[in-house]
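Survey of secondary and tertiary structure
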Amino acid sequence: MEILVCIKQVADDSVEIAMNPTTGKPALEGVAEVVNAFDTYALEMATRLKEAKGGNICVLSLGGATTTNSLKNCLAVGADEAFHIKDETYQEKDTIAVAQILAKGIQEVEAQRGKKFDLVFCGKESTDFASGQVGIMLADELHYGVVTNLVDIDGDETKVSTKRETEEGYQEIEVACPAVLTVTKPNYEPRYPTIKSKMAARKKAIAEVVVDTTAECVITEVKMSAPAKRQAGVKLATGTPEELVAQAIEKMLEAKVF
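Residues numbered from 1 in each chain as written. Predicted model: local features only at pLDDT ≥ 70, side-chain atom pairs only at ≥ 80, totals over all residues. Heavy atoms only, no water.

With that settled, the discussion passes to the nonpolar core. The biggest cluster of nonpolar side chains holds 34 residues, and the ones touching the most others in it are Val-5, Leu-119, Phe-121 and Ile-153. Only strand 1 (2-7), helix 1 (37-53), strand 4 (56-63), helix 2 (67-75), strand 6 (119-123), strand 7 (145-155) and strand 10 (179-183) provide two or more residues apiece to this core. For this core, the element with the highest residue contribution is helix 1, accounting for seven residues. Excluding anything up to four places from it in sequence, Ile-153 contacts Met-45, Leu-49, Leu-119, Phe-121, Val-160, Ser-161, Thr-162 and Leu-181. Residues Leu-4, Cys-6, Leu-60 and Ile-106 belong to the second largest nonpolar core, which totals 25 residues. (Core = buried A, V, L, I, M, F, W, Y, C linked by side-chain atoms within 4.5 Å. Buried < 20%, exposed > 50% of the residue type's maximum accessible area, 1.4 Å probe, protein only. Helix = DSSP H or I, 4+ residues; strand = E, 2+ residues; numbered from the N terminus. Contact = heavy atoms within 4.5 Å.)

Taking strand neighbours across the sheet as the criterion, the nine strands line up as 9-8-7-10-6-1-4-5-11 in an open arrangement whose pairing is mixed. Only two strands of the sheet have a single neighbouring strand rather than two, namely strand 9 (170-176) and strand 11 (206-208). Across this sheet, the average inter-strand angle for adjacent strands is 40°, counted without regard to direction. Two elements, strand 4 and strand 5 (residues 81-86), share six bridges in a ladder whose sense is parallel. If you follow Gly-63 over to strand 5, its bridge partner there is Lys-86. (Pairing = 2+ DSSP bridges. Axes fitted to C-alpha atoms, helices over the stretch in contact; angles between N-to-C directions.)

A crossover links strand 4 with its parallel partner strand 5, the connecting element being helix 2, and its sense is right-handed. Examined bridge by bridge, strand 5 and strand 11 share three bridges and lie parallel to one another. Across the sheet, residue Ala-82 finds its bridge partner in strand 11, namely Ile-206. (Right-handed = clockwise from strand over helix to strand, strands pointing away.)

Looking now at the packing of aromatic side chains. Given two aromatic rings, their pairing is described by the distance between the two centres and the angle made by the two planes. If you walk through the whole model with that rule in mind, you get one aromatic pair. Across from the ring centre of Tyr-188, 3.6 Å away, lies the NZ or CZ of Arg-48, which sits over that ring. One Lys or Arg, Lys-163, reaches over the ring of Tyr-170 and ends 4.5 Å from the middle of that ring. (Phe/Tyr/Trp six-rings, centres within 6.5 Å; stacked < 30°, edge-to-face > 60°. Lys NZ or Arg CZ within 6 Å of the ring centre and 35° of its normal.)

Glancing now at helix 3 (residues 95-113). In a regular helix each residue adds 1.5 Å, so 19 residues correspond to 27 Å; helix 3 covers 27 Å between its end C-alpha atoms and thus fits that length. All of the buried residues in helix 3 are Thr-95, Ala-97, Val-98, Ala-99, Ile-101, Leu-102, Ala-103, Gly-105, Ile-106, Val-109, Glu-110 and Arg-113. Structurally, helix 3 contributes buried residues whose contacts are with strand 1, strand 4, strand 5, strand 6 and helix 4 (134-142). Its side-chain oxygen 3.3 Å from the backbone nitrogen of Ile-96, Asp-94 forms the N-cap of helix 3. (Expected span 1.5 Å × (residues − 1). Polar contact = N/O pair within 3.5 Å; in protein donor to acceptor, adjacent residues only side chain to side chain.)

All right, on to the UniProt feature "domain: Electron transfer flavoprotein alpha/beta-subunit N-terminal" (unreviewed entry) in the chain then. Mapped onto this numbering, the UniProt entry annotates "domain: Electron transfer flavoprotein alpha/beta-subunit N-terminal" (unreviewed entry) at residues 23-221. A distance of 14 Å separates the end C-alpha atoms of residues 23-221, which is 32% helix and 28% strand. (UniProt positions renumbered as here; feature names shortened; annotations may be inferred.)

Have a look at this one:
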């Protein structure tokens, strides 16, 4: 089974990001760059499928020069080959442009390897912009079927059975290969690299994929702002249960909650 996982390098989402008052954009100076969290789940799901069914995993990323660090990390936790579309302005491109460039990159990688991919995995969204659109748009560019928000998968190079998460529960969907799959958080965590796998990853080459990265952007960012900070709550500490309930209702009436 030939599998591709698309990954994006993002600012570490475990760090609180402030807004730069001058530029009106997130202040990312000094913040570590890591593989997007949902992409790590996609890679782990793909790796488990490879371990069960056999095959090969390639990772592909559109990003700047430092993206090679994230690709090396992917090689240490399940990927067999890594490909890089270099573009220092990738964050300025909208989701349609990114999908178009990734589609070109996938076709170029397939031409270089002489093999078509059976499955293309993506995280359901990136933690920096969280649009949740690129995977679906990529499927449209490739003219593939798509299943979103996967938490489980099984199958082979002809078709896969998927379990996807919805607001109402879970759906089981079969899709013919080739297909694009977007992954949410399954009931397991991505594996950690070992010292041995890190050393092996350092020796592997990352192939540069040269495609036209110019694309017309049709979605314009109007404004970016930090989310409102939550106000501290009111603690009711004295009184009988009945009195505390009355106090709580009075506070909610004052706040016009109802």
